[in-house]
Structure formats: C-alpha cells, structure tokens
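Letter by letter, the chains look like this.
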Amino acid sequence: MFRLHSWIDISVVRTTSSIIAVCALLTSCGRGQGPDDTIRNAYAWYVRELKSGVDPLEQKRTELKEFVTDGFLTSIENMRTELESNPFMDAQSFDAKLSIEKITKDSHAATVRIGLSGRICGQQVLNVYLVKVEGRWKVDDVKAVEDR
C-alpha cells in the first residue's frame, strides 16, 4: 500500500509539473518577442558575425532578413559607401553595451530608444523604429538622437 501511494504521489507531481511547463510555454509563445527582444537579438547576432570576420550584408542576408524589413535592407544598401568609411562599422568598434531606455509601441509599430556605450564608440543614443511583419518585430529604420 505504501508503494502504491508513493507511486501515485510521484505520478501526480510529474503530471502537475508537465501541465505547469506546458502552460508556461504556451504563455510565453502567446506573448511573443517584443521589439526590445528583436533589437537585443539582432545586435548580438550582428556583432558576433562581424567579430568572426563575416559581412552580414553580403554573406548572411537571409539571416539578416529575420531582423530587418526589406525596405531597411534596401536603404542600407543605398548608403553602403558611406557606411564602409564609417569607423563604427569596423568590427573592432563593436565593444558597446546596449541598453534599452524607452519603448513606445502599439500593435503594429514601435519606437525603441537605445543607448550604446563603449570605450571605442563612446556614447550614442539611437531611436530604432520597428514594424510588425507576419507577427514578428523587424527593424525598419534607425536614427541617431541629437538632443536628449
């Protein structure tokens, strides 16, 4: 009788744990990633690629499209010569820490003010504009903030 009772307790605990885990997963899936998550993931991925010697604009376009809209990718391509001469685009310059300062969003668009601070690039504040494309937040534009 004791063994049966212990087996039932273990079975109930496992079942309850499984139900809680499934509920947690469904809740997080329903929430989805926010615009700030997209920015963090995109920045981390981009820096990692640059530091490994890969040019994401040329060699990882498919992966880049997970984070940015086609329109933003086109505008980057149009500014490519300006970007190549910018020391900030050098992989060694990407020592900056990213901080999320402010998020403004509705169901289809978001503006996220971020701070980048590092020993090489100094301090920069940017507004990152995102739109929702097929249920995912994607970067649509980035502008430097002149006055805070």
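Refer to the preceding data block for the structure.
Keep in mind that this is a model prediction, so the values were computed, not measured.

Definitions and limits used
For every chain, the first residue of the written sequence is number 1, and numbering continues from 1 onward in sequence order. Thresholds applied to this predicted model are a pLDDT of at least 70 for local features of residues and 80 or more for the giving and counting of side-chain atom pairs; totals over whole chains, interfaces and linings are not thresholded and use all residues. Heavy atoms throughout the structure, all of them, feed into the side-chain values; hydrogens and water do not. Helix and strand assignments come from DSSP, with helices taken as H or I runs of at least 4 residues and strands as E runs of at least 2, each series counted from the N terminus. Note on classification: 1.4 Å probe, protein chains only; a residue is buried when its accessible area is under 20% of the maximum for its type, exposed when over 50%, partly exposed between these limits. In this analysis, two residues are considered to be in contact whenever any of their non-hydrogen atoms come within 4.5 Å of each other. Working definition: rings of Phe, Tyr and Trp (its six-membered ring) pair if their centres are within 6.5 Å, and the pair is stacked with planes under 30 degrees apart, edge-to-face with planes over 60 apart, and tilted otherwise. Buried and open spaces are told apart on a 1 Å grid over the protein atoms alone, a cavity being a set of points where a 1.4 Å probe fits but cannot get out and a pocket being an open set with protein on both sides within 12 Å along at least five of seven lines. Residues with an atom within 4 Å of a point are the lining residues. Grid points are joined across faces, edges and corners, and a volume is the space filled by probe spheres set on the points. Gly is put with the polar residues, along with every residue not named as nonpolar or charged; the nonpolar set is Ala, Val, Leu, Ile, Met, Phe, Trp, Tyr, Cys and Pro, and the charged set is Asp, Glu, Lys and Arg. In this description, strands pair whenever DSSP reports at least two bridges between them. Throughout this description, the term salt bridge denotes a Lys or Arg side-chain nitrogen within 4 Å of a carboxyl oxygen of Asp or Glu. Joining through side-chain atoms within 4.5 Å is the link that ties buried Ala, Val, Leu, Ile, Met, Phe, Trp, Tyr and Cys residues into a set, and such a set is a nonpolar core.

1. Brief notes about the environment of threonine 69
Within the element layout of this structure, threonine 69 appears in the loop between α4 (61-64) and α5 (70-78). What makes threonine 69 buried here is its relative accessible area of 8%. Through-space distance from the C-alpha of threonine 69 to that of aspartate 141 is 8.7 Å; in sequence the pair is 72 residues apart. Non-local contacts of threonine 69, meaning those with residues more than four positions away in its chain, are made with Val131, Val133, Lys138, Val139 and Asp140.

2. Things to note about the packing of aromatic side chains
Summed over the entire model, instances satisfying the criterion amount to two aromatic pairs. Plain terms: the ring middles of tryptophan 45 and phenylalanine 67 are 5.5 Å apart, the flat faces sit at 40° to each other, and that makes the pair tilted. Taken together, the residues span a long stretch of sequence, with tryptophan 45 in helix α2 (residues 35-51) and phenylalanine 67 in the loop between α4 and α5 at a distance of 22 residues. Both residues of the pair, tryptophan 45 and phenylalanine 67, count as buried. An aromatic cluster is present here, built from Trp45, Tyr46 and Phe67 joined pairwise through their rings.

3. Comments concerning the layout of surface pockets
Once rolled over the atoms, a probe with the size of a water molecule shows which space is left empty. What the second largest pocket holds in volume is close to 230 Å³. The wall of the second largest pocket is formed by 13 residues, among which Gly32, Gln33, Gly34, Thr38 and Trp137 lie closest to the centre. Counting only elements with at least two residues in the lining of the second largest pocket, the list comes to α2 and β4 (136-144). A breakdown of the residues in the lining of the second largest pocket according to their chemical character gives two nonpolar, six polar and five charged.

4. Some remarks on the side chain of aspartate 36
Its location among the elements puts aspartate 36 in helix α2. Not counting the four nearest positions on each side in its chain, aspartate 36 is found in contact with Ile100 and Ile103.

5. Quick look at the pairing of strand β3 (residues 122-133)
Pairing of strand β2 (residues 109-118) with β3 involves ten bridges; the strand directions are antiparallel. Within β3, the residue paired with isoleucine 114 across the bridge is leucine 126. Hairpin connection, β3 to β4: the antiparallel pair is bridged by two residues, and glutamate 134 has positive phi, about 50°.

6. A word on the pattern of salt bridges
Summed over all chains, the structure comprises four salt bridges. We note a salt bridge from aspartate 141 to lysine 143, for which the minimum N-O separation is 3.2 Å. Three or more residues joined by partner-sharing salt bridges are found here, namely Asp36, Asp37 and Arg40.

7. Quick word on the nonpolar core
Ranked by size, the top nonpolar core spans 24 residues in total, and within it Val68, Ile114 and Leu130 carry the most contacts. Elements with a minimum of two residues in this core: α2, α5, β2, β3 and β4. Looking at which element gives the most residues to this core, the answer is α2, with seven residues. Contact partners of leucine 130, with chain neighbours within four places excluded, come to Pro35, Thr38, Ile39, His108, Ala109, Ala110, Val112, Trp137, Lys138, Val139 and Asp140.

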